[in-house]
Amino acid sequence: MMDGAVVLSKLLSSETKGELLILFRKNPGVIDTIEGVARRIGKRANAIEADVKEFLDLGLLKTRRIGSADAIFLNTEVDREIQEVVAKYLNSLKGN
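Just so it is clear, the structure is predicted and the values come from calculations on it, not from any experiment.

Caption draft 1: Main features of the packing of helix α2 (residues 15-26) against helix α4 (residues 45-58). Packing of α2 against α4 leaves a shortest axis separation of 9 Å and a crossing angle of 60°. Taken together, the axes of α2 and α4 lie oblique to each other. In the crossing of α2 with α4, the sense of the turn from one axis to the other is right-handed. Contact residues: Thr 16, Lys 17, Leu 20 and Leu 21 in α2; Ile 48, Asp 51, Val 52, Glu 54 and Phe 55 in α4. Across the contact of α2 with α4, the residue classes tally to five nonpolar, one polar and three charged.

Following this line, the structure appears as structure tokens:
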């Protein structure tokens, strides 16, 4: 996996990413279109596209075709791995 500092910076590099993390971690069963996810955090789809793409590239989010639309959802396995990497990184900072 990635370096903890890199992962942490990717997760928190925008307010929208923080909002997406909160949404999906509080509601890990959410499967919705990008428009639906954007509505849930009070934004427009075009305003969150870049951040969602970064989370898709990171593997944190996945897509699934539902009917004629692509839905996004939390990849809980990768989320768990990311949380472990970040926790190890933060714990290593305590030792310095």
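Caption draft 2: Structural context of the packing of aromatic side chains. A complete count under the given rule lists zero aromatic pairs for this structure. Positioned above the aromatic ring of Phe 73, the side-chain terminus of Arg 64 is 4.5 Å from the ring centre.

Caption draft 3: Spotlight on helix α1 (residues 4-11). Buried within α1 we find Gly 4, Val 7 and Leu 11. Down the axis, α1 shows its buried residues gathered within 65° of arc, on one side only. Looking at the buried residues of α1, the elements they touch are α2, α4 and α5 (76-94). For α1, the side-chain oxygen to backbone nitrogen distance between the N-cap and Ala 5 is 3.1 Å, and the N-cap itself is Asp 3.

The rules behind these values
Residues numbered from 1 in each chain as written. Predicted model: local features only at pLDDT ≥ 70, side-chain atom pairs only at ≥ 80, totals over all residues. Heavy atoms only, no water. Axes fitted to C-alpha atoms, helices over the stretch in contact; angles between N-to-C directions. Helix = DSSP H or I, 4+ residues; strand = E, 2+ residues; numbered from the N terminus. Parallel < 35°, antiparallel > 145°, perpendicular 65-115°, else oblique. Left-handed = near helix turned anticlockwise from the far one by under 90°. Contact = heavy atoms within 4.5 Å. Nonpolar A, V, L, I, M, F, W, Y, C, P; charged D, E, K, R; others polar. Phe/Tyr/Trp six-rings, centres within 6.5 Å; stacked < 30°, edge-to-face > 60°. Lys NZ or Arg CZ within 6 Å of the ring centre and 35° of its normal. Buried < 20%, exposed > 50% of the residue type's maximum accessible area, 1.4 Å probe, protein only. Arc of directions from axis to C-beta. Polar contact = N/O pair within 3.5 Å; in protein donor to acceptor, adjacent residues only side chain to side chain.

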